[in-house]
Each structure stands twice: as structure tokens, then as C-alpha cells.
Amino acid sequence: MAGGGSVRPATAAAAAALLLLAASATACAGQQLRRNYYAGVCPDVESIVRAAVSKKYRETFITVGATVHLFFHDCFVTGCDASILIASTPNATAEKDNPINLPLAGDGFDTVHRAKAAVDAVPRCRNRVSCADILTMATRDAIALAGGPSYAVELGRLDGLSSTASSVNGKLAPPSFNVDQLAALFATNGLEMEDMVALSAGHTVGFAHCGTFAGRVWGAAAPDPGMNASLAARLREWCPVGVDPRIAVTMDVVTPRVFDNQYFKNLQDGMGLLASDQVLYTDPRSRPVVDALAQSSVAFNRAFVTAITKMGRIGVKTGAQGNIRRNCAVLN
């Protein structure tokens, strides 16, 4: 269970001020974004991206989790600016090569690069649509393809002008985080407890490497008493001691190919794969949200769309803060 405890007034005031500042920045970003942003320069951009994502999805369902997780990891570091897509050079290590980003599946990157190529194949669209917006659209389309909610996306982001591995430190949650730590991280990005829980459903698709939860099934106190005994037994079979570190298992073992609210039902049954997943149910502050989203698909879809829309406004680059990359993996 996550540590609760009392919060000193000074700490609470500082946290409130931080949340207000982050929310203000997010609101400003939202004003800079709008639907149909490309109507005048590339009116068919959304259908072009959707077709590219659909083709990739037909090749491998890994596309969904890979693209969704890529979007999360991009937005939480320096904002939704496609800096996660930049490739490292001999003289500079980019975000994607920070250790916490190394497990990101290559299929997510490939999805964006394919969509970018499809957009740029249309003469009037070439170099007119940012990689950041393409990643945003591709994420929405991947979610819908897996049975998740369809929603309109706000567009108008520019691509970031830098990407460094060091900028990732402290910006993404390791699997050991408790609710206090998770809530603080999300608050710095203008996201509230309800948003945090809803967005955690990104783990209803995709995979996790055995090493990220090994301590829960093989550690000194293993199996973790908070883990469903049947799941723990299966994980010990799938991830034996000395397993190849490249081996991964589906994060939702019940409906791994569907973007749905099964993730929350799994938490109710002690079947959260990561400790940072299961803590959302064991902590009494976040449990009511988990219960509500587990009970209603409609409530989940509504909460998730609200939260991912807010997340898409984090750190939006405009004007001299960014540009439109010719190659999503290379700074102009």
C-alpha cells in the first residue's frame, strides 16, 4: 500500500501552487491547439495517418501498446513535442536511449515514421504536419483500432528542438512508485488523481519485460502478497530466474489485444502486473476511481478521453520554440 500520512501545511500549499501553475500552462497550451488545424494545408491528414496506422496494426497488434506508450513517454518529458523520436548521434545521447526508454517497442517508432512518410507523399502536405501531431493522431487511431474510444484530437504542436537522455531523469514513473509519488509526478503536468488513474489504463495494452516485476514474484518477500496467487504462479513459469531480459509478457493477461476497462477489473483481482499498477487499488485514495472505471465502460471511455486530451496539451511548442521536422528522427 502506498504511504499515506499527513501532509504538512507548507508542503500542501507548495503542492497546490505547483498544480495551479501546471494547470495554467496546460490551459494555455490548449488554447494554442485546435481541431482541424491542418484544414487549409493538408485537409486529409487524419485519414492519411489513420490508413497508415491501420496497415501497421494489421501486421502486428503490438502497434497499439507501442504507440500509446511512446506518446506517454514523449509528453511527460519535455512536453508533447516528438523529442522521443530523435535518434542519438555519436556526440549526443537522445531521450529514446535513456535506460527507462530502452524497453519501448520499435513498432511505435515505426508507426509514426510510416505515417509521416504517408503524409509527406502528398505534395501539398509535405513538411506541413509536425511529427508531434502525427504521434498524437497515431495514438488516437491505435486506441480506436483496439476497441478503445474514438475521439477528436487537438492539433497544432510543433516539434521540439532538442532531445537529451538527461532530460528524462525524474520525469517518468518507475514501477516501484507509490500513489504519493505518482500523484506528484502527474500534478507537475497539470493532471489530477482521476486523470492519473484513467491514463494508467494505457497498461491494458502492451508488454512489460520480466525484470520490471521480477521482485514481486522472485524477491525476498515473494510472491507479493498483493498479487493474485494464480497470476504469480504463471509469471514464475513465464519469467523463470535467469530469463532472457528481452522476454516480455502482456500487461493485461485477460484481454491483451483490447483497449478496455479490464485493466481496472484486473486491479480489483490483484492482477496488476507492476507494483505501480496494483497500488492504485490498494491505496484507499485511488481505489474509488478504480472501482468506478471497472464498473462502467462508458465512464472509463469518458475519463480516459478527458485525461489523454489534457495530457496532449503538456509542453506544447509554438513559434520559435519548435519547427516541423523533415525527418522525425533527426533535428532539422
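Note on numbering: residues in each chain are counted from 1, in written sequence order. In keeping with the model being predicted, local features are shown solely for residues with a pLDDT of at least 70 and side-chain atom pairs are shown and tallied solely at 80 or more, while totals for entire chains, interfaces and linings include all residues. No hydrogens and no water enter the side-chain calculation; it runs on all heavy atoms of the structure.

*Asks:* So what's going on with the UniProt feature "binding site: Ca(2+) 2" (unreviewed entry) in the protein? Which residues, and what values?
*Replies:* The feature "binding site: Ca(2+) 2" (unreviewed entry), as given by UniProt, occupies Thr204, Asp252, Thr255 and Asp260 in the numbering adopted here. In terms of the greatest pairwise C-alpha distance, the residues named above, spread along 57 residues, form a tight cluster of at most 10.0 Å across. Structurally, Thr255 can be placed in the loop between strand E2 (248-250) and helix H10 (262-268). Note on contacts: a residue pair is in contact if any heavy atoms of the two residues lie within 4.5 Å. For Thr255, the residues in contact, after removing those within four places along its chain, are Thr204, Asp260 and Gln262. N or O atoms closer than or at 3.5 Å make up a polar contact, with two conditions inside protein: a donor-capable atom paired with an acceptor-capable one, and, for residues adjacent in sequence, both atoms drawn from side chains. Within the structure, the side chain of Thr255 is placed 2.9 Å from the side chain of Asp252, a separation counted as a polar contact. UniProt positions are given in the numbering used here, feature names are shortened, and annotations may be inferred rather than shown by experiment. Helix numbering and strand numbering both begin at the N terminus, where a helix is a DSSP run of H or I of at least 4 residues and a strand a DSSP run of E of at least 2.

*Asks:* Could you give an account of the nonpolar core, with specific residues and numbers?
*Replies:* Joining through side-chain atoms within 4.5 Å is the link that ties buried Ala, Val, Leu, Ile, Met, Phe, Trp, Tyr and Cys residues into a set, and such a set is a nonpolar core. Buried residues are those whose accessible area, probed at 1.4 Å on protein chains only, stays under 20% of the maximum for their type, while exposed residues exceed 50% and partly exposed ones sit between those limits. In this structure, Leu85, Val119, Leu199, Phe264, Leu280, Ile308 and Met311 are the most contacted members of the largest nonpolar core, which totals 69 residues. Dropping the residues within four chain positions of it, Leu280 is found in contact with Val179, Leu182, Met196, Val197, Ser200, Tyr263, Leu267, Ser286, Arg287 and Val290.

*Asks:* Break down the state of the cysteines for me, with residues and values.
*Replies:* In a disulfide, the sulfur atoms of two cysteines are covalently bonded to one another. Disulfides are defined as pairs of cysteine sulfur atoms found within 2.5 Å of each other. Under the defined criterion, the tally for this structure stands at 4 disulfides. In this model, Cys131 is linked to Cys328 through a disulfide, with the two sulfur atoms separated by 2.1 Å. On the sign convention where negative is left-handed, the bridge of Cys131 and Cys328, at about -95° about the S-S bond, is left-handed. Highlighted residues: Cys131 in helix H5 (residues 131-145) and Cys328 in the segment after helix H13 (297-311), separated in sequence by 197 residues. Looking at Cys131, the relative accessible area reads 0%, which means it is buried.

*Asks:* Tell me about the packing of aromatic side chains, residues and numbers included.
*Replies:* Aromatic rings from Phe, Tyr and Trp, taking only the six-membered ring of Trp, are treated as a pair when their centres fall within 6.5 Å; an angle between ring planes under 30 degrees marks them as stacked, one over 60 as edge-to-face, and anything in between as tilted. In the structure shown here, the tally under the stated rule is 8 aromatic pairs. Ring geometry for Tyr263 versus Phe264: centroids 5.0 Å apart, planes at 80°, classification edge-to-face. In this pair, the class of Tyr263 matches that of Phe264, namely buried. Seen from their ring centres, Phe300 and Phe304 are 5.9 Å apart, and the 45° between their planes marks the pair as tilted. Highlighted residues: Phe300 and Phe304, both in helix H13, separated by 4 residues, approximately one helical turn. When its relative accessible area of 1% is taken as the criterion, Phe300 is described as buried. Here the aromatic cluster, defined as three or more aromatic residues joined through ring pairs, consists of Phe259, Tyr263, Phe264, Phe300 and Phe304. We call a charge positioned above a ring when the Lys NZ or Arg CZ atom is no farther than 6 Å from the ring centre and deviates by at most 35 degrees from the ring normal. Across from the ring centre of Trp218, 3.9 Å away, lies the NZ or CZ of Arg236, which sits over that ring. Seen from the ring of Phe61, Arg257 lies directly overhead, with NZ or CZ sitting 3.9 Å from the centre.

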